[in-house]
Structures are given as C-alpha cells and as structure tokens.
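# Architecture and fold: a report
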Amino acid sequence: MDYHEDDKRFRREEYEGNLLEAGLELERDEDTKIHGVGFVKIHAPWNVLCREAEFLKLKMPTKKLYHINEPRGLLKKISSVLQKITDPIQPKVAEHRPQTTKRLSYPFSREKQHLFDLSDKDSFFDSKTRSTIVYEILKRTTCTKAKYSMGQGEGRRKDSALLNKRRKCSKYGITSLLANGVYSAAYPLHDGDYEGENVDFNDRKLLYQEWASYGVFYKYQPIDLVRKYFGEKIGLYFAWLGVYTQMLIPASVVGIIVFLYGCATVDENIPSMEMCDHRQNITMCPLCDKTCSYWKMSSACATARASHLFDNPATVFFSVFMALWAATFMEHWKRKQMRLRYHWDLTGFEEEEDHPRAEYEARVLEKSLRKESKNKEKRRHIPEEPTNKWRQRVKTAMAGVKLTDKVKLTWRDRFPAYFTNLVSIVFMIAVTFAIVLGVIIYRISTAAALAMNSSPSVRSNIRVTVTATAVIINLVVIILLDEVYGCIARWLTKIEVPKTEKSFEERLIFKAFLLKFVNSYTPIFYVAFFKGRFVGRPGDYVYIFRSFRMEECAPGGCLMELCIQLSIIMLGKQLIQNNLFEIGIPKMKKFIRYLRLRRQSPPDHDPYVKRRQRYEEDYTLEPFAGLTPEYMEMIIQFGFVTLFVASFPLAPLFALLNNIIEIRLDAKKFVTELRRPVAVRAKDIGIWYNILRGVGKLAVIINAFVISFTSDFIPRLVYLYMYSQNGTMHGFVNHTLSSFNVSDFQNGTAPNDPLDLGYEVQICRYKDYREPPWSEHKYDISKDFWAVLAARLAFVIVFQNLVMFMSDFVDWVIPDIPKDISQQVHKEKVLMVELFMREEQGKQQLLDTWMDKDRKKDEPCNNHGPKACLDSPEYPGGAL
C-alpha cells in the first residue's frame, strides 16, 4: 500500500508540475475537514483563458450591437398579446426576457482583442466557460509516469528500458488519473449555496428559486440560464424535455376527447349491448380443460363495455393524429434547436474529435509492446550478419517509430469483444422472452386453479385477477431488468474499447436502448399480436409443454387487456423509477456518504475548526453520471405514448403529468444533489434524435397492426358492408362466433361438471371463423376468415402508406430553419464582413496618412537639393 501511495504521489507531483508549465495557477489545501482527502484548487489567469479560447474557437460577443428583426403589423400585435398572456408563467430571470438587440459574436482571437468588449475582464469569460477551458487543459496535459504504472502484471515492468524510450508518446490526462485513483474527483465548483438567509445571490440560488422548485411547475424553464450555468449539452436536454412536454398538451386534450367519446357512446354500441343481453343465452366453450365449465357470454358484459371505451371509431382517428403529432413534434424541435443554436452562438460550431480515451491508449500501448517483444524475440533467434549491422539498426529504429506512432486497434483486435457483445445481447433478449413465457404459464395455471374455486365471485373475476397479477409481475421484472441491462450494456461497451468518449456514449446508448426496448415492450407485444392467435379450437387446442393450453382473448377482444397491461407498466415504471430510483436511492447514497465523512472528520463543536469551504461541500455531492439515463427514460415513455396509443388514448395525459414533475425533479437533482458538471458544447441532442425518428416511424406500423388485428374495427366494417341484413351491427356478435359439438371433445378435456349451468349443453360457441359441426368440412376455416384477413392486410397497407405520406408532407411543409433565424444569421454574416471591411479601410487610411507625412517631409529636399536640408528645422543640426 505504501508503494502504491508513493507512486500516486509522484504522479500527482509530475502532473501538477505540468499544469504549472501550462500556465495554470494551483493552490493546495491539505488541512481539510474531510479526513484523508486533500484539495488542489486550479485557477486559469487571463492570458491562459485567452490562449485556450482561441484554440477552442470559442465565439465571444464583440462590441458591435445590432437590432434583432421584430415582427411587424398583425404579427407584432399577436406577439404582444401572447407576451402579456404568458407573462405570469415566465420565470423572473433576466436571461429569459425577450431581447431586441444582440451582440455580434466572433471566434476569440488574441490579435483582434480590440473587437471585443474587455472593459470587465473578470466577467468576460463566465464560470461555465472557465471550467470548460480548465478541464480541456486537464485532459490534454500528460503524465508520463502514470503511463507505466497503470498496467497490472510483471510483464510490463520487465522491459523498463523500452518503456523509458516511449515516454514522449504518452497522452494520459485527467480521465486516466481519475480512473486509476490518482485523484478521487475533478469538478468545477457551484456558484455558492442555494438556500439560507445570509446567502449571497448567485445563479445557483436563482435556478433553485425559478427552476428547481415544485412551486413553479406551471412556469416556463429559464433555458438560457440553465445553459449559462451547466453548458449547452445539458441546456439542450432540458429544452428538448420542455418542448416534448409542451407538445403533449394537445395530444392529451385529443386523447381525453376520444376517451369521453367512448364513454358517451358505450350505451349505443350494439355489439356490447348484444353481449350483455341475457335473452341471447349464448353458451360459450370452457376456457380450460376439465376444471373449467361452460359459461354464459353475458358474464363478460363489463369487459365488453369497457373495451368500447378504447375500441371505437375515434381510436383510428387518434392513431392518425398521433402519427402526425410525432412528425410535427420532430419538426418543431428541429426549429427550436436552430433557434437555440443562433441565440447561443453555435451556428458555425462543429464538434472536433475528442481526445482518445485512457483505456483505448492503454490497449494501443499493450499492442505495440506485444508486437515489439515479438520482433525482439525474432531478432534474438536470427543471427545478425556483421555486414548488415548498420542496416539492422535502421530497421529496428523504423520499426519502433511505426509501433509507437501508427498502431491502432483493428476489427481483429476487437473481434472477441464484438462476438461477446453479440452472444450477450442475444442471450439477454432470450432471457426476456423466457420470462414472458414464464408469466404466460403463470397466467394459464392460475386461471385453471381459480376455476376450481367454489366461490362464484372468484370464478367470475378470473380474467381480471389473472391479468392484474401478471402485469404486476411483469412490471417488477421490467424494473429490475432495466437496472441489470444498463450495467451489462456499459460492460459490453467497455470491452469494445471505443476510441473517443463520443463513440463510447453512442455505442452505450444503442445497446442500452435495444435491451431496454425489448425488456419494456415484449409483454405488450405478446398481448397485442400473439395472445389468442395460436389457440387452436375446441377439440384441437394448442398446448405448451403438452400440458398448458394457450390463452384465449376475451369475447370483446384483447384490446382491453392490452390497455390494462400498457397503463400499469407505464404508470408503474414512472412512479417507481421517479420516486424510488431518482429520489430515494440518491438521498440514501447522500446520507450514507454524509455519515461516512462525518465519522472521518473532526467534531464540529471545536470552535477553532474552520467552516467547510465550497469545494468541501461539493465533494460530498453525487458525481454527475451523464444524461443517458434521463434521455433513456423519456425515450421509453415516448414509445409508450406513440407505439400503442390506439389501445390507450390516455397515455399522453399520464405522460404529461409525469413530465411536469420530472422537469422539476431533474432540475432539483442538478442544482442541489449533483456536483456541477463540466460544461460541454453541443449543437444538437445527437443520436437521440435518430432514435426518436425511428420510434415515430415504427409507431405508424404498430398502430396499423393494432387497429387491424388486435381490435375489432376491421371485422365490424366487413360485417357492416358485406354481411349485415339491415345495414346495422345487429347480429355481429353471433357472426364472429363459431359452433362446436361437445361430443367432439378429446378424451380427458371435457368439463368435469357439464351441468354447471343447470342444463345439458349440446353446442357451445367460441370466437373464430370456422365451419359449423353440421358442415361437410366441419371446423375448417371459413370464407369469412379470409375475407376479414384480406380486409385487415389491405387496411395495414393503406393506413401505413397514407400516414407515412402525411408525416413526410408535414416534414416537407415545415422548414427546418425558421425564416427569421435564417435572416438573422445572414445579417450577422453581412455585419461581420462590414466590420472587417471598415477595419481594413481604417488600417489603409492610417497607412496612407503615414505615407503622406513621409512624402511631405521629403519634398523640401527634392525641390532645393541636399544642401537646403542641412539647416532645416525638420533635421536639426544638419542630420540626414
């Protein structure tokens, strides 16, 4: 332990010495209230800030002010009215007020400092920009000693001479030192405390009051202040979340109207009325073998009436509406993103390639050492010719250059990791399918067990009981597997050893999304598209493991069960993950960390013990783990809102209510519970936009199949226009039921109590399109089945293409860049050209003035000869 601690201390000393050489100022504080932790405070002086701002091409405001184009005429009146109406819900933040003027921005240059307003150098670079610059230096500054102590095993220590030759190619920075425990943390400081009477007013306190408080849930977010404090990447996340939540308002209103339409028309729905009519006296076939008996269709009356709330003609309209809503939301976000890019001076910003990750460079070094050791072994076994000694030295030197400078990880190096990824992901998906199968077996066996219960109330509520308990099991499994899959996705990405942080993040997002998507939606896909499809028929049922009969849908269809499944999983995930994982677990971690630090720290009752400094307070906060969990949660919710919205029109409403809380919850977490993240510049939300587009396109296809195959919308249309005698839906229920002669039951599958209804049953009914028992081809699929199937497939094709065309039309009609923003960007370019032209003209005029003065001085000498200049006042003493 002493050896490792000394090694870390030597590396810290070298690294901090390199930081001093880079121009940073360091201040050490070893005497802290946190036992065993010393702090190094880093300050960047003005000349370092200017140098790095020029390297990073940071756009800074110049002295030049220009007026922003304002709407005129009717648009101006509408804008002023809207501004007055929305004034109570605007945050009381200076950055959020509408601006009429804007400073022209230009990439900072030390040669053109006269262009910028440097009257107050302390505030020219704000704290966010300073932290970005300092962290960039920390990543770039190398520590050569760290390079040779990172690897484990004796193999790397043997060839110390070879390692010493390679010190100059080291690229390890702060990320590597953090990963190896040389430093425990590196973070920018918060501006100050956010609560208390004697606290100085700062941006953190302002954010807490106007953004991170539940009391301001109805207000807009101060996005500009969020960006100023946390950086563009986090600002874009909260801006996207705000736009998404805002767009859920019209979707929620339409969803409520569709639901109310179903409530208003439930008493006029003829199929549900026929199912509830006791006079129909339709006897249904048993739902399971032996233990289940015959049952009356009227006993499913409540389910049929509830199904109509979500399975009605308005559902089709709502599916089309939500597809167009998703396209409009994507276009609206693109326009909002361009507006923010203009206001945040990111119009010409292009992300540069990141520094290679420490793990990647460690693998490259390991590969180069392995190659060179092999070459060394070859040279040792091959006798060296005296005549070629000089040539051999040249070859060895060239080989060393190639190994250190041109070694990269190829697909051959990564093939084991890729293979492990493929096998692991397939295995995880198989585990998800196996769990869903286990829940299916639970449902079947539980239904059979409850059917043997002597209580009539238990037997009458078998479907509701089995569905509710199975969905709760699914919910618990989904939440647990979400956490497991998140850890597995991170491990799988680590073994791939991506080169840059951006590549690492994108690969991690793809794997995590794939696994969590399958985990969250597999139970719902089963109910929507597989339950009741492969049941068979009475006398010839399909069995799992030759003992469990496949589940059937209720007479009203599986849409009601799909709605129950979707609502419980969606609401359960939001409530449990928000309350338990996002509030409870972080608070518990913070409390445990507080107890541990308090045990290690000196007692506070000592009057000479100094008050905790800002950096000590921030050290006790939770480290920032990235935005991936936040985005992932919202993308999965977006899937619930769009993919199966045909079965649950209230999904947008529940998503809206959740997001109103989610925004303030995340805001409070960032302001009060997390260390301040390093500000990262970003011009968009990255790969998440492509995932959103993919989910939106998939939603059109899935909703087409839900309406066509899961609901009874198509069978009703086919009956209405092909089979109805009087042009109404009377007789539809009887048309969808086939007949079965109970004498055709297989041995051992008939009900144990055939007289349970009080009379002997000869013919029972089941939901399917098959020939009756008195037909020549009894129990074969009837022509009605093929007519309905053809109509269903035709509907899928028409619906999908029509909605896709409408979505693309919306995409084409709405321009990606708002007209006023494109005009302002063009105006900025013109003003910048004019500014530089005036500067060049000023320089030229100044040069011409100096040349004129020189010419005037030379004129007397040219007119009167050299002697006339000897005693002239311009040349005293006759000096030439």
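Note that the structure is a prediction, hence the values are computed from the model and not measured.

Turning our eyes to something else, we now look at the overall build of the chain. Counting secondary structure elements, the chain contains 30 helices and 12 strands. With 880 residues in all, the chain has 47% of them scored as buried. Sequence-distant contacts, at least 24 apart, represent 81% of the contacts inside the chain between residues at least 6 apart. When the accessible surface of the chain is split by element, carbon and sulfur atoms take 59% of a total near 46700 Å².

Quick look at unusual backbone geometry now. In the Ramachandran plot, Lys57 falls in the positive-phi region, its phi being about 55° despite a non-glycine side chain. Considering the arrangement of structural elements, one finds Lys57 in the loop between α2 (46-55) and β3 (59-67).

A word on the side chain of Ser724. In this structure, Ser724 sits in the loop between α27 (713-723) and α28 (732-736). Polar contacts involving the side chain of Ser724 include one to the side chain of Asn726, which spans 3.4 Å.

Before going further, it helps to examine the environment of Ile687. Relative to the helices and strands, Ile687 is located in helix α26 (residues 687-710). Once the C-alpha coordinates of Ile687 and Phe510 are considered, the two residues, 177 residues apart in sequence, prove to be 8.7 Å apart. Sequence-distant contacts of Ile687, defined by excluding residues within four places in its chain, comprise Glu506 and Ile509.

In low-pLDDT segments, the atomic positions of the prediction should not be examined closely. When pLDDT is averaged along the chain, the result is 81, and 87% of the positions lie at 70 or above. Here residues 396-404 is modelled with pLDDT under 50, and outside its nearest four sequence neighbours on either side it reaches 11 contacts, counting other chains as well. Taken together, the stretch residues 866-880 has pLDDT below 50 and engages in 10 contacts with residues farther than four places along the chain or on a different chain.

Across the five residues of strand β11 (residues 737-741), four count as buried, placing the element largely inside the fold. Bridge count for β11 against strand β12 (residues 763-767) is five bridges, and the pairing is antiparallel. Residue pairing in the sheet places Phe740 in a bridge with Cys764 of β12.

Here the focus is the nonpolar core. Counting residues in each nonpolar core, the largest one holds 131 residues, and the members touching the most others are Phe230, Trp240, Tyr244, Trp325, Phe644 and Ile685. The biggest single contributor to this core is helix α12 (residues 232-265), with 15 residues. With residues up to four places along the chain from it excluded, the contact list for Trp325 reads Tyr244, Met247, Leu248, Ala251, Phe638, Val641 and Thr642. In this structure, Leu49, Ile137, Cys143 and Tyr183 belong to the second largest nonpolar core, which totals 38 residues.

In this section: the side chain of Asn312. Positionally, Asn312 belongs in the loop between α14 (301-310) and α15 (313-343). Of the residues examined, Asn312 reaches a relative accessible area of 2% and is grouped as buried. Side-chain polar atoms of Asn312 contact the backbone oxygen of Leu309, separated by 3.2 Å. Look past the residues within four positions of Asn312 in its chain and what remains in contact with it is Val258, Tyr261 and Gly262.

Between α12 and helix α24 (residues 628-642), the least distance of the axes is 12 Å, while the angle of their chain directions is 20°. The angle between α12 and α24 falls in the class roughly parallel. Pair α12 / α24 crosses with left-handed handedness. Where α12 abuts α24, its residues Leu236, Tyr237, Trp240, Leu241, Tyr244 and Leu248 lie against Glu630, Tyr631, Met634, Ile635, Gln637, Phe638 and Val641.

In this section: α27. Within an α-helix, residues lying three or four positions from one another point in the same direction, as the helix has 3.6 residues per turn. Among all positions of α27, only Phe713, Ile714, Pro715, Arg716, Val718 and Tyr719 are buried. The secondary structure elements touched by the buried residues of α27 are α13 (270-276), α15, α26, α28 and α29 (783-813).

Turning our eyes to something else, we now look at the pattern of salt bridges. In this structure the tally under the stated criterion is 36 salt bridges. The shortest N-O distance in the salt bridge between Lys334 and Glu331 comes to 3.1 Å. Of this pair, Lys334 and Glu331 both sit in helix α15, three residues apart, which is roughly one turn of the helix. Using a relative accessible area of 16% as the deciding quantity, one classes Lys334 as buried. With its nearest N and O atoms 1.9 Å apart, the salt bridge here joins Arg443 to Glu561. Of the two residues, Arg443 sits in helix α18 (residues 411-451) while Glu561 sits in helix α22 (residues 559-600), which places them 118 residues apart along the sequence. With respect to class, Arg443 is no different from Glu561; both count as buried. Three or more residues joined by partner-sharing salt bridges are found here, namely Glu331, Lys334, Arg693, Asp811 and Asp816.

What counts, and at which threshold
- Residues numbered from 1 in each chain as written.
- Predicted model: local features only at pLDDT ≥ 70, side-chain atom pairs only at ≥ 80, totals over all residues.
- Heavy atoms only, no water.
- Helix = DSSP H or I, 4+ residues; strand = E, 2+ residues; numbered from the N terminus.
- Buried < 20%, exposed > 50% of the residue type's maximum accessible area, 1.4 Å probe, protein only.
- Contact = heavy atoms within 4.5 Å.
- Areas by Shrake-Rupley, 256 points an atom, 1.4 Å probe, with all protein chains shown as cover.
- Polar contact = N/O pair within 3.5 Å; in protein donor to acceptor, adjacent residues only side chain to side chain.
- pLDDT = per-residue confidence, 0-100.
- Pairing = 2+ DSSP bridges.
- Core = buried A, V, L, I, M, F, W, Y, C linked by side-chain atoms within 4.5 Å.
- Axes fitted to C-alpha atoms, helices over the stretch in contact; angles between N-to-C directions.
- Parallel < 35°, antiparallel > 145°, perpendicular 65-115°, else oblique.
- Left-handed = near helix turned anticlockwise from the far one by under 90°.
- Salt bridge = Lys/Arg side-chain N within 4 Å of Asp/Glu carboxyl O.

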